[in-house]
There are 2 protein chains.
Amino acid sequence: MASSVVNKTAHAFDKGRLDALLNRRFFFAPAFEIYGGVAGLYDYGPPGSSLQANIIAEWRRHFIIEEHMLELDTTIMTPAPVFEASGHVARFADWMVKDTKTGDVLRADHLVKGVLEARLAGDKEARGLAGAAADAEKDAKRKKKSKTAATPSAVKLDDAVVKEYESILAQLDNYSGPELGQLCRKHAITNPDTGNEVGEPQQFNLMFASSIGPTGQHPGYLRPETAQGHFLNFSRLLEFNNGRVPFASAHIGRAFRNEISPRAGLLRVREFTMAEIEHYVDPEDKSHARFGEVRNVRLALLDRHIQAAGETTIQHMTVGEAVDKGVIANATLGYFLARIYLFLVKIGITPERLRFRQHMSNEMAHYAADCWDAEIQNSSGWTECVGCADRAAYDLSVHTARTGHQLVVRQALKEPIVTERAVPEFNKKNFGKTFGKDTAAVQLAVTNMNEEQLLKAKGELEQGSTTVVSTDGREHKLTPDLLSIERKTFKQSIREFTPNVIEPSFGLGRILYILLEHTFWCREQDIERGVLSLPPAVAPTKVLIVPLSAKEEFDPLVQEVSTKLRRAGVFSRVDDSNTSIGKRYARNDELGTPFGLTLDFASVQNRTMTLRERDTTQQLIGDIDAVITIVTELVQGTIDWPAACKRLPAYDGVQAVD
Amino acid sequence: MASSVVNKTAHAFDKGRLDALLNRRFFFAPAFEIYGGVAGLYDYGPPGSSLQANIIAEWRRHFIIEEHMLELDTTIMTPAPVFEASGHVARFADWMVKDTKTGDVLRADHLVKGVLEARLAGDKEARGLAGAAADAEKDAKRKKKSKTAATPSAVKLDDAVVKEYESILAQLDNYSGPELGQLCRKHAITNPDTGNEVGEPQQFNLMFASSIGPTGQHPGYLRPETAQGHFLNFSRLLEFNNGRVPFASAHIGRAFRNEISPRAGLLRVREFTMAEIEHYVDPEDKSHARFGEVRNVRLALLDRHIQAAGETTIQHMTVGEAVDKGVIANATLGYFLARIYLFLVKIGITPERLRFRQHMSNEMAHYAADCWDAEIQNSSGWTECVGCADRAAYDLSVHTARTGHQLVVRQALKEPIVTERAVPEFNKKNFGKTFGKDTAAVQLAVTNMNEEQLLKAKGELEQGSTTVVSTDGREHKLTPDLLSIERKTFKQSIREFTPNVIEPSFGLGRILYILLEHTFWCREQDIERGVLSLPPAVAPTKVLIVPLSAKEEFDPLVQEVSTKLRRAGVFSRVDDSNTSIGKRYARNDELGTPFGLTLDFASVQNRTMTLRERDTTQQLIGDIDAVITIVTELVQGTIDWPAACKRLPAYDGVQAVD
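Numbers given to residues run from 1 along each chain, matching the order in which its sequence is written. Starting at A for chains and at 1 for ligands, labels are handed out in the order in which the entities are written. Residue-level local features of this predicted model are given only where pLDDT is at least 70; pairs of side-chain atoms are given and counted only at 80 or more, and the full residue set underlies all totals for whole chains, interfaces and linings. Working from all heavy atoms in the structure, the side-chain values ignore hydrogens and water.

**Q** Just to check I follow, could you spell out the relation of the copies chain B and chain A for this structure?
**A** There are two copies of the chain, and a rotation about an axis plus a shift along that axis relates them. Superposition of the copies was done by least squares, using only C-alpha atoms of residues whose pLDDT is at least 70 in both. With an RMSD of 0.4 Å, the fit of chain B onto chain A corresponds to turning through 179° and sliding 0.1 Å along the axis. What the superposition gives is, in effect, a two-fold axis relating one chain to the other. When each C-alpha of chain B is compared by its distance to the rotation axis, Ser210(B) comes out closest, at 2.6 Å. Residues are treated as being in contact if the distance between any of their heavy atoms lies within 4.5 Å. A shared interface surface links the copies, since 100% of the contact residues of chain B are contact residues in chain A too.

**Q** Whenever I open this one, the UniProt feature "domain: Aminoacyl-transfer RNA synthetases class-II family profile" (unreviewed entry) in chain A confuses me. Can you help?
**A** The feature "domain: Aminoacyl-transfer RNA synthetases class-II family profile" (unreviewed entry), as given by UniProt, occupies residues 221-540 of chain A in the numbering adopted here. Only DSSP runs of H or I covering at least 4 residues are called helices, and only runs of E covering at least 2 are called strands; the numbering of each starts at the N terminus. Helix makes up 30% of residues 221-540 of chain A and strand 36%, with an end-to-end C-alpha separation of 34 Å. UniProt positions are given in the numbering used here, feature names are shortened, and annotations may be inferred rather than shown by experiment.

**Q** What exactly am I supposed to notice about the sheet that holds strand β24 (residues 543-547) of chain B here?
**A** Strands belonging to one sheet form pairs held by backbone hydrogen bonds; the direction of such a pair is parallel or antiparallel. Residue and element names in this part refer to chain B. Read across the sheet, five strands follow the order β25-β24-β26-β27-β28 without closing on themselves; strand pairing throughout is mixed. In this open sheet, the two strands that pair with only one neighbour each are β25 (572-574) and β28 (619-623). Pairwise comparison of adjacent strand axes, ignoring direction, gives a mean angle of 25° for this sheet. When DSSP finds two or more bridges between a pair of strands, those strands are recorded as paired. Of the strand pairs in this sheet, strand β26 (residues 595-599) and strand β27 (residues 608-613) are connected by four bridges, and their pairing is antiparallel. Of the residues in β27, the one forming a bridge with Thr-598 is Thr-610. With respect to the sheet, helix α20 (residues 555-567) is in contact with β24, β25, β26 and β27, its orientation differing from that of β24 by roughly 170°. Against the sheet, helix α23 (residues 624-636) engages β24, β26, β27 and β28, with an angle of about 25° to β27. Comment: axis = line fitted to C-alpha atoms, over the contacting stretch for helices; angle = value between 0 and 180 degrees taken between N-to-C directions.

**Q** Would you take a moment to explain the packing of helix α2 (residues 46-65) of chain B against helix α14 (residues 331-347) of chain B for this structure?
**A** For any two helices packed against each other, the geometry is given by the interaxial angle and the distance between the axes. Residue and element names in this part refer to chain B. Contact pair α2 / α14: the axes reach a minimum separation of 11 Å and the direction vectors enclose 145°. Relative to α14, the crossing made by α2 is right-handed. Listed contacts from α14 to Ile-55, Glu-58, Trp-59, His-62 and Phe-63 of α2 are Arg-339, Ile-340, Leu-342, Phe-343, Lys-346 and Ile-347. Note on residue classes: Ala, Val, Leu, Ile, Met, Phe, Trp, Tyr, Cys and Pro are nonpolar, Asp, Glu, Lys and Arg are charged, and everything else, Gly too, is polar. The residue inventory of the contact of α2 with α14, partitioned by class, reads seven nonpolar, one polar and three charged. Crossing handedness is read from the near helix: turned anticlockwise from the far helix by less than a right angle, it gives a left-handed crossing, and turned clockwise, a right-handed one.

**Q** Help me understand the interface of chain B and chain A in this model?
**A** As a measure of interface size, the accessible area lost when the parts come together is often cited. Taken together, the contact between chain B and chain A spans 69 residues of the former and 69 residues of the latter. Summed over the three residues of chain B that lose the most area to chain A, namely Ile34(B), Tyr35(B) and Arg236(B), the buried surface amounts to 14% of that side. A salt bridge links Glu33(A) to Arg236(B), with the nearest nitrogen and oxygen atoms 3.0 Å apart. Between N or O atoms, a polar contact is any pair within 3.5 Å; within protein, one atom must be a potential hydrogen donor and the other a potential acceptor, and residues adjacent in sequence are included only when both atoms are from side chains. At the boundary of chain B with chain A, the tally comes to 32 residue pairs in polar contact (both at pLDDT 80 or more). Its residues assigned to classes, the side of chain B that touches chain A shows 37 nonpolar, 18 polar and 14 charged. Buried area is calculated as the accessible area (1.4 Å probe) missing from two parts once they are joined, with the contributions of both summed. For salt bridges, the criterion is a side-chain nitrogen of Lys or Arg within 4 Å of an Asp or Glu carboxyl oxygen.

**Q** Any chance you could explain the domain arrangement of chain A here in plain terms?
**A** An automatic or database domain assignment provides the domain bounds reported here. In terms of domain boundaries, chain A breaks down into domain 1 (34-75 + 230-396 + 500-510), domain 2 (93-205), domain 3 (413-496) and domain 4 (541-647). When each unit is reduced to the centre of its C-alpha atoms, the spacing between domain 1 of chain A and domain 3 of chain A is 52 Å.

**Q** Just checking my understanding: could you explain the packing of aromatic side chains for this structure?
**A** The description of two aromatic rings rests on the distance between their centres and on the angle between their planes. Think of it this way: a Phe, Tyr or Trp ring, Trp meaning its six-membered ring, pairs with another when their centres are within 6.5 Å, and the plane angle makes it stacked under 30 degrees, edge-to-face over 60, tilted otherwise. Enumeration over the complete set of coordinates arrives at 36 aromatic pairs over all chains. With a centroid separation of 6.3 Å and an interplanar angle of 45°, the aromatic rings of Phe28(A) and Tyr44(A) are classed as tilted. Of the two residues, Phe28(A) sits in strand β1 (residues 28-30) while Tyr44(A) sits in strand β2 (residues 42-44), which places them 16 residues apart along the sequence. An identical accessibility class is assigned to Phe28(A) and Tyr44(A); each is buried. A centroid spacing of 5.9 Å and a plane angle of 90° characterise the contact between Phe343(B) and Phe506(B), whose relative ring orientation is edge-to-face. Of this pair, Phe343(B) sits in helix α14 while Phe506(B) sits in strand β21 (residues 500-507), placing them 163 residues apart in sequence. Burial here depends on accessible area, computed with a 1.4 Å probe over protein chains only, as a share of the maximum for the residue type. Under 20% is buried, over 50% is exposed, and the range in between is partly exposed. By relative accessible area, which is 0% here, Phe506(B) ends up buried. What links up through ring pairs into an aromatic cluster is the set Trp59(A), Phe63(A), Phe343(A) and Phe506(A). A ring is scored as having a charge over it whenever the NZ atom of a lysine or the CZ atom of an arginine sits within 6 Å of its centre and within 35 degrees of its normal. For the cation-ring pair, Arg236(A) lies above Phe26(B), with the distance from its terminal atom to the ring centre recorded as 5.3 Å. Of note, Arg421(B) hangs over the ring of Phe490(B), and the distance from its end group to the ring centre comes to 4.0 Å.

**Q** How should I be thinking about the sheet that holds strand β24 (residues 543-547) of chain A in this particular structure?
**A** Residues and elements named next belong to chain A. Read across the sheet, five strands follow the order β25-β24-β26-β27-β28 without closing on themselves; strand pairing throughout is mixed. Bordering the open sheet on either side are β25 (572-574) and β28 (619-623), each of which pairs with just one other strand. Each strand axis lies, on average, 25° off the axis of its neighbour in the sheet, ignoring direction. Packing against the sheet, helix α20 (residues 555-567) makes contact with β24, β25, β26 (595-599) and β27 (608-613), and its axis sits at approximately 170° to β24. Relative to β24, helix α21 (residues 581-589) is tilted by about 165°, and along the sheet it contacts β24, β26 and β27.

Below is the structure:
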């Protein structure tokens, strides 16, 4: 009988063990593996597909349903003009460098990062920083194996050099291509695989190109994000929302980026599922009606000023404080940062390993008002998993400019805006007679006058005459028989504006992989027994039904329990394979199945059933229907395990299931 | 108060009205519309996305969960060698013809079909077939508008010509490219848009091409189906299923086909969501454990013999009969045809407009054992929506051959198979001495002998000598000092085989569009009031909550009802817009919302609420909680409307809501 205290940190995290588990149980695997595979492309097997589907379902509940967002499903294959207008054809690129001898292609910023991190690790080793040195070595071995970086050697660096490297790394995302080239030369950074020098950084566009139709005349790209699909449908969405802002559209779908040299598993891939929200707001009012609900959510923030100073110090503050102090640009942006935090923690991300990093000035798109990345710590460091940007009016404006289709909001003003303005009126007959071929030039000089100038001229005309200067520099005298200037009243009843867009954008594959890292551990007694402590909401299978054996006498009960669970909306699986109950549970701990139900001879005789919890391996016993009720509540999250323990007696029967 | 009898056929189906509704309410719309659009690419708006998501959820329940299929999510961007092995690079093509003057590209079979159908329609008109003529004209106008075919003119054809055209149309899918070219010449088929002749049919590969990685050296294609992603992962899937067959994998995902000239809305598109099942069976046993459950399902069948005879007569029979008579090749294929039928009817397809058409010999892939399309009748005729093929061992075999990775099942035999075989044994020394440089040739002649020949030679050797003939025709004498032949016992304990694959493959966009056609109608009293009678399971919104007005006094009740529904798993929306209740209901009839709840002053005072059904517009009234219970059961499909009417009194209050 299990009553062990769970110590999830008894064994240090071992990426090798996790990777072996994920591969063996087919959470995911390299795509086209039997053809030798292709870097950056992965297939999800049954547990991975199911975990992804559950994360998506939770995302849909947390964002789309909760906030009545308008969901879309738009097209991946996109004609070139769309991405010309959006700026992707010109700017959606990374800097790559070529090995000057082999021609191998490397991503410039990843090269600098890998080499400098390896040197810093070598320095730590040389300084004999005990734990650090061991970690560095282990880390380097792993990285070498996966070819992600250079091997450190134990070389001590000057203190000043260490400081410089750390400062470069803190600002890495802020460097331009030429600056990365300078860093390579200044710090003698070469291709770690060959030791050869690398050439000047060059831009490589990350979009996959194709062509549409049989004639080859219509170039197209696979979308690198779903966002343009929202923007192009803005007018339809606005109409669907009865013309009112704010509102949001949402889209879960595939996107493609032809990464230069992807080597980081699911953290950097060429094809991925993303979930994006475009929230449209009045540029003059970026408050959010539900901000009060999240005001007290505490976030770990790394703002742009701290990074620019070469530091990585985290500040903890509530979203309310951050918006009040201007650290986060506005309340809507703050609202979404808090909602992102709540979502990630709900699906099982460790809150202490989640931070929000603000983009630095060069890193941020020129049009963006503010941008934060939700970064989650994992075995590769801190990885961006969600971006959240205030993109201002950029996207809707560029498509309006390119197509002439007005992507704007028109609001009837409750009170028309009444303005008075001075308006010139020309006596055309006299004007022509007086100025002849200069008529148009003189009229233009008048209409170009601003309000102040017109009022001055009006006063002078009332005194007898005024003068204007045409663009060629000549002065012209105007008298009341040529021109009168009157103040008139104007009434505006419609306000027209281009909404601003706040865009939370989620990389679901990265979140999925890091969630697996955060929930993986090995039992204290037995390092071979891996467990994934996935929350019930996202676990691929919620309940495992384990009959003592595959004998027919258990069939009716298995059928009954499984049908009752399905009716209660709980997805279960039966494992009646020919192995011990303990082994079957261990196998399902690896799949993250949170609850197990054992059916044995007592079940047949007394209609009782035991309920086992994955993390503690504790077991309770009760009447079959009572246990179904409890396990349903556990899966739905309305009660937790300690509450269940108060409602059912512990099982300490003879039969060892563990 | 509504108590009208519903007459859904009072107005003839009007595609123009349906299309207008779908566009206006943003079920879907041409993608990149503000950029002028691209043929064959569509975006789904909120109701379309939701309808699609619900159809997918129902599909997942009906197939994946019900049959414990293994779900996958695989990669779209595929390296070229995969599609070279699968045959897609060589053969996944349509025949296109070019207008000899303008160079416009047309799909050859669609051209023949369009022109001959137009001539037949013109013939009917000339013969004065009343209804037919009107229909033909209307049909032609619509088709002309959407540019899908030629305009018929009222020209009477010879009876023999009519018969020939009908026979060609019945066999259209069976013609090769050169045959289509002959048809164009023989029947003077020209480009209907210009009247110009068309050139010889040429093959156009339908896969979108791209290239993977920064060097441009790795050609890739966007998958035109998800199937290869299943096959390449076969070994992992088999292991996941503990090495046992039969089992099935399933995948819902995007696929791409660069159609030559798509002009038929969602029925022919360049990017689409499909749902595919690959069911792996023992080639020696294609029975299905659950066949008994569907044996009595009655299907409308159009077999290959009837089509080859130029006919389109439907035969109605049960799946059991069809399999017993050999009309359907095997029980597993029959099982899936029945399951497909049940699924389509469950989501709302009219059963009378659903038939299964068998592929003809030329049409079917050369390796396939049998193939049936589920075709659904709609305003464009009969459209293939689901294919269901027995692909034999083709796919797994070609990938095994190309990669050397054995995609096979290895079964431990319960009883080892013991066989006796005659085996030649050579006395190598004597053999060499006797035959010198002919040694190898003579040995080969012996080892090439079959069992019967070996036994004959054995007998002759026992008599003194035997002879063999080497491949060059020379005869060689063999004696017992050179060769002995013995019968030996062999024991085989593992059976290895390549499973066969039964593949049901669903085009979800086609099903979605035709479902909208089948469920669309207009109220008898008012042709302007379109209704979509979508079943609750797939309707985008299940319940509409309609407070009498947006006044604050209704807010707590709206909140209460919406929260209680959400807890019961029912997705509702609130419409508190500033218009009459009748108008709000009418607007939601267009979205297919099956149930409405009205909250008025009586609700505030007495906690009562009315429940309105979309198709009948009938209303019931009851206590708020009682109504929530009833509407939850209605949405879950555990009761129907007549049953609800027995549990709650009809509402005949003063307030007209209709």
